[in-house]
Amino acid sequence: MPKRTEKASPQSVASDDAGIMAAVAAQMQTSWEKKRKDKESKFLQGARHDLDKCIAGRLEEYSAAVADMNAVYEKFVLQYAQVDDHIRKLWLQLQHEQQQLRALSEKKNASMVANDREREKGQVKGMAIAKKAVEDFGKLIATLET
């Protein structure tokens, strides 16, 4: 600042002091605002860092949970397929057994029908023999009486 050679009036000194005070106050205000903005910026950066860290942790937990769910689902599907295959095998065995039973039943029925026919023939033959015997006995009696 250049030196003043003239004496200033008290009013101009007060005016200069007020101007200097206003400039200092403005500079302090600017400095405070800058510090406040720096603090806010640091706080926001810290908050963003903490939030990113939290989100990353939750994403890891979510990914792990999804992987666990997929593993459980794959295990379920595999077990379901195995059980379904076993059930299908049992149904096929049951069908095979039913076919065998039906064939056996048809064979047994045919055998019984043949046996019934044979027995009926035997009974008719036996009845014919009995009738013949009764007739022969009747003739014998008739011959003896005469």
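Structure: above.
Residues numbered from 1 in each chain as written. Predicted model: local features only at pLDDT ≥ 70, side-chain atom pairs only at ≥ 80, totals over all residues. Heavy atoms only, no water.

Novice: Please clarify how the packing of aromatic side chains should be interpreted in this entry.
Specialist: Under the counting rule described, the total for this entry stands at 2 aromatic pairs. Taking 6.4 Å as the distance between ring centres and 35° as the angle between the ring planes, the aromatic pair formed by Tyr-73 and Phe-76 counts as tilted. Within this pair, Tyr-73 and its partner Phe-76 are both found in helix α1 (residues 10-145), separated by 3 residues, close to a single helical turn. Judged by relative accessible area, Tyr-73 falls into the exposed class, the value being 53%. When its relative accessible area of 47% is taken as the criterion, Phe-76 is described as partly exposed. Geometrically, the ring pair formed by Phe-76 and Tyr-80 is tilted, given 5.9 Å between the ring centres and 35° between the ring planes. Of this pair, Phe-76 and Tyr-80 are both found in helix α1, 4 residues apart, which corresponds to roughly one turn of the helix. An aromatic cluster is defined as three or more aromatic residues linked by ring pairs; in this entry it consists of Tyr-73, Phe-76 and Tyr-80. (Phe/Tyr/Trp six-rings, centres within 6.5 Å; stacked < 30°, edge-to-face > 60°. Helix = DSSP H or I, 4+ residues; strand = E, 2+ residues; numbered from the N terminus. Buried < 20%, exposed > 50% of the residue type's maximum accessible area, 1.4 Å probe, protein only.)

Novice: Just to check I follow, could you spell out the pattern of salt bridges for this structure?
Specialist: Close approach of charged atoms allows side chains with opposite charge to pair. Taken as a whole, this structure holds 7 salt bridges when the rule is applied. Among the salt bridges present, the one from Asp-116 reaches Arg-119, with a minimum N-O distance of 2.2 Å. In this pair, Asp-116 and Arg-119 both sit in helix α1, 3 residues apart, roughly one turn of the helix. According to the relative accessible area criterion, Asp-116 is partly exposed, its value standing at 37%. Residue class for Arg-119 comes out partly exposed when judged on its relative accessible area of 47%. Residue Asp-136 is joined to Lys-132 by a salt bridge in which the shortest nitrogen-to-oxygen separation is 3.7 Å. (Salt bridge = Lys/Arg side-chain N within 4 Å of Asp/Glu carboxyl O.)

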